[in-house]
Amino acid sequence: MTRLGDLERAVMDVLWDSVPSTSDGVTVREVADALAGRELAYTTVMTVLDRLAGKGMVQRQREGRAWRYRAAGSREAHIAQLMLDALDLGGSRDAALVRFARSVTGTEAEVLRAALAAEAGGMPVDRAAGRTPGTHDTAGRTPGTHDIATGDAPAGLARGALTDRIEAPATGRAERPASADEAADG
């Protein structure tokens, strides 16, 4: 995925912030009006939207003589892809992930633990609280998750299972590693 320039990011922010995914989108004029503080020409905004459409970042639909634009994906999906692309820059993905995990706040670490636990166990994540409901011990940790501080994996989780998932190609959805029961069946 290509990184966005400053103006492209500003245009995408308008689309992400003001256009619901169920909407038909916005016109070039509406985007230009939202960016009024930048004093951009209409044609500049039109060119940026056209380039974003070419990059697959926005979808457009003809309405009369004009186009209506909306984001092709969520801001969160874009940021996640940027993070995955950064991991592909070289070096050790594991080392980069560990360094990242150690740099997040306690709340952010809890969100990561809950997401990993939910993904591993198919459990829903309480997005408001940033955790999987009813799965935390008294220390605030989610049982059955990787202990980032010590690198210990819980019983039943093979060492490297996390990296197997992370190193899946970014072109498709990473598949959950098969459990021992599933592997025996297959």
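This text follows the structure it describes.
The structure presented is a predicted model; accordingly, all values stated were derived computationally and were not measured.

### Digging into the overall build of the protein
For step 1, the next point in the chain: Counting its secondary structure elements, the protein contains eight helices and two strands.
For step 2, the next point in the chain: Ordered by position from the N terminus, the helices and strands of the protein form the series α-α-α-β-β-α-α-α-α-α.
For step 3, the next point in the chain: For the protein, restricting intrachain contacts to residue pairs at least 6 apart in sequence, the fraction spanning at least 24 positions comes to 47%.

### A closer look at the pattern of salt bridges
For step 1, the next point in the chain: Evaluated as defined, the whole model comprises ten salt bridges.
For step 2, the next point in the chain: Across the salt bridge formed by Arg68 and Glu63, the nearest N and O atoms sit 3.4 Å from each other.
For step 3, the next point in the chain: By relative accessible area, Arg68 is classed as buried at 17%.
For step 4, the next point in the chain: When its relative accessible area of 45% is taken as the criterion, Glu63 is described as partly exposed.
For step 5, the next point in the chain: Put simply, Arg93 and Asp88 hold a salt bridge, and the shortest N to O gap is 2.8 Å.
For step 6, the next point in the chain: Here Arg93 falls in the buried class, since its relative accessible area comes to 15%.
For step 7, the next point in the chain: Overlapping salt bridges bring together Asp6, Arg9 and Arg38 as one network.

### Thoughts on the pairing of strand S2 (residues 66-71)
For step 1, the next point in the chain: Both strand S1 (residues 58-63) and S2 contribute to a ladder of six bridges, which runs antiparallel. Looking at the pairing, Glu63 lines up with Ala66 of S2.
For step 2, the next point in the chain: Connecting S1 to the antiparallel partner S2 that follows it, the hairpin turn spans two residues, and Gly64 within it adopts a positive phi of roughly 65 degrees.

### Considering the packing of helix H1 (residues 6-18) against helix H3 (residues 42-54)
For step 1, the next point in the chain: At a closest axis distance of 10 Å, the pairing of H1 and H3 adopts a crossing angle of 85 degrees. One finds that H1 runs roughly perpendicular with respect to H3. Across from Leu7, Glu8, Val11, Met12 and Leu15 in H1, the residues of H3 making contact are Thr44, Val48, Leu49, Arg51 and Leu52.
For step 2, the next point in the chain: Residues of the contact of H1 with H3, tallied by class, amount to seven nonpolar, one polar and two charged.

Conventions used here
- Residues numbered from 1 in each chain as written.
- Predicted model: local features only at pLDDT ≥ 70, side-chain atom pairs only at ≥ 80, totals over all residues.
- Heavy atoms only, no water.
- Helix = DSSP H or I, 4+ residues; strand = E, 2+ residues; numbered from the N terminus.
- Contact = heavy atoms within 4.5 Å.
- Salt bridge = Lys/Arg side-chain N within 4 Å of Asp/Glu carboxyl O.
- Buried < 20%, exposed > 50% of the residue type's maximum accessible area, 1.4 Å probe, protein only.
- Pairing = 2+ DSSP bridges.
- Axes fitted to C-alpha atoms, helices over the stretch in contact; angles between N-to-C directions.
- Parallel < 35°, antiparallel > 145°, perpendicular 65-115°, else oblique.
- Nonpolar A, V, L, I, M, F, W, Y, C, P; charged D, E, K, R; others polar.

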